Amino acid sequence: MNNNEMKVEFLSRSVNEGFARAVVSSFVSQLDPTIEELSDIKTAVSEAVTNSIIHAYPNVEGKITVKGRLVENEVELEISDNGVGIENVEKAKEPLFTTKGNLERSGMGFAIMENFMDELNVESILGLGTKITMKKKIKKYAFDNNKFCK
Ligand SMILES: Nc1ncnc2c1ncn2[C@@H]1O[C@H](COP(=O)(O)OP(=O)(O)O)[C@@H](O)[C@H]1O
Ligand SMILES: [Mg+2]
């Protein structure tokens, strides 16, 4: 059994989006993901962390926590903040819904997380914060046709 856990906390500065991607990418590498699997996970993490930076702490600096867990060949990620919270989670998850319309790729963050990961769960309480949990299975390599493939 090769299960593992990690937790990092950082400030809601845009420079830390890259930091979060790098940490998660490095942690998940233990499961030997393909470049595509890793890229999907990094994109989903970017979307969640960017949301905490932009939406959770609009005019203040706050803390963002990223937790990772590997259970067999599955990655579980939790991105949480103590920011403003989301008034209506179902509505927020709809493609193209945004409360900040002037940004590029507006309103697609949750749709991207949902698409690139196997599971997405959003919990939020107004004034207290938001917790995103995502899961993705990393396919195992198999020996086939005299070579390793997924
Ligand atoms: N961590 C968060 N804290 C507060 N509000 C959030 C958070 N994440 C998402 N939201 C809300 O959900 C909406 C939709 O998010 P998303 O799909 O990523 O689109 P976008 O970020 O482009 O607005 C945001 O506009 C915002 O109102
Ligand atoms: Mg977003």
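Just above sits the structure.
Below or above, wherever it landed, is the structure these notes cover.

What counts and what doesn't
Residues numbered from 1 in each chain as written. Chains lettered and ligands numbered in written order. Predicted model: local features only at pLDDT ≥ 70, side-chain atom pairs only at ≥ 80, totals over all residues. Heavy atoms only, no water. Salt bridge = Lys/Arg side-chain N within 4 Å of Asp/Glu carboxyl O. Helix = DSSP H or I, 4+ residues; strand = E, 2+ residues; numbered from the N terminus. Buried < 20%, exposed > 50% of the residue type's maximum accessible area, 1.4 Å probe, protein only. Near = heavy atom within 4 Å. Polar contact = N/O pair within 3.5 Å; in protein donor to acceptor, adjacent residues only side chain to side chain. Areas by Shrake-Rupley, 256 points an atom, 1.4 Å probe, with all protein chains shown as cover. 1 Å grid on protein atoms, 1.4 Å probe; cavity = no way out; pocket = protein on both sides within 12 Å on 5 of 7 lines; lining within 4 Å. Sits in = over half its atoms within 2 Å of the grid points. Nonpolar A, V, L, I, M, F, W, Y, C, P; charged D, E, K, R; others polar. Contact = heavy atoms within 4.5 Å. Axes fitted to C-alpha atoms, helices over the stretch in contact; angles between N-to-C directions. Parallel < 35°, antiparallel > 145°, perpendicular 65-115°, else oblique. Left-handed = near helix turned anticlockwise from the far one by under 90°. Points joined across faces, edges and corners; volume = space filled by probe spheres on them.

Remarks on the pattern of salt bridges
(1) Moving on: Summed over all chains, the structure comprises seven salt bridges.
(2) Moving on: For Glu9, the salt bridge goes to Lys63, with nearest N and O atoms at 3.9 Å. Pair noted here: Glu9 is in strand 1 (residues 4-11) and Lys63 is in strand 2 (residues 63-71), with a separation of 54 residues, a long-range link.
(3) Moving on: Residue classification places Lys63 among the partly exposed residues on the basis of a relative accessible area of 43%.

What about the site of ligand 1?
(1) Moving on: The environment of ligand 1 is formed by 19 residues, the closest being Asn51, His55, Thr98, Thr99 and Gly107.
(2) Moving on: At 2.9 Å, a side-chain N or O of Asn51 approaches an oxygen atom of ligand 1.
(3) Moving on: The contact in question runs from an oxygen atom of ligand 1 to an N or O atom on the side chain of His55, over 2.7 Å.
(4) Moving on: Considered on its own, ligand 1 offers 530 Å² of accessible surface; in the complex 94% of this is hidden by protein.
(5) Moving on: With respect to the detected pockets, ligand 1 is housed in the largest pocket.
(6) Moving on: Among the elements of the structure, helix 2 (35-56) and helix 4 (109-116) are those that each provide at least two residues to the shell around ligand 1.
(7) Moving on: When residues of the shell around ligand 1 are assigned to their parent elements, the largest contribution, four residues, is made by helix 2.
(8) Moving on: When the residues that make up the shell around ligand 1 are grouped by side-chain class, the tally is seven nonpolar, ten polar and two charged.

A word on the side chain of Glu76
(1) Moving on: Relative to the elements of secondary structure, Glu76 occurs in strand 3 (residues 74-81).
(2) Moving on: Overall, Glu76 belongs to the buried group, its relative accessible area being 18%.
(3) Moving on: Filtering out sequence-adjacent residues up to four positions away, Glu76 remains in contact with Lys67, Gly68, Arg69, Val71, Met134 and Lys135.

Re the packing of helix 2 against helix 4
(1) Moving on: Look at helix 2 against helix 4: their axes get within 9 Å of each other, and the N-to-C directions meet at 150°. The orientation of helix 2 relative to helix 4 falls into the category roughly antiparallel. Between helix 2 and helix 4 lies a crossing whose hand is left-handed. In this structure, helix 2 uses Asp40, Thr43, Ala44, Glu47, Ala48 and Asn51 to contact helix 4, whose residues at the interface are Gly109, Phe110, Ile112, Met113 and Phe116.

Concerning the layout of surface pockets
(1) Moving on: Taken as a whole, the largest pocket holds about 800 Å³ of empty space.
(2) Moving on: Contributing to the lining of the largest pocket are 37 residues, with Asn51, His55, Thr98, Thr99 and Phe110 lying nearest its centre.
(3) Moving on: Every element with two or more residues in the lining of the largest pocket is listed here: helix 2, strand 3, helix 3 (89-93), helix 4 and strand 5 (129-137).
(4) Moving on: When residues of the lining of the largest pocket are assigned to their parent elements, the largest contribution, ten residues, is made by helix 2.
(5) Moving on: Of the voids in this model, the second largest pocket is the one considered here, and its volume is about 160 Å³.
(6) Moving on: Lining the second largest pocket, in full, are Glu5, Met6, Lys7, Lys67, Gly68, Arg69, Glu76, Leu77, Glu78, Thr133, Met134 and Lys135.
(7) Moving on: Listing elements by their share of the lining of the second largest pocket, those giving two or more residues are strand 1, strand 2, strand 3 and strand 5.
(8) Moving on: Its residues placed into classes, the lining of the second largest pocket shows three nonpolar, two polar and seven charged.

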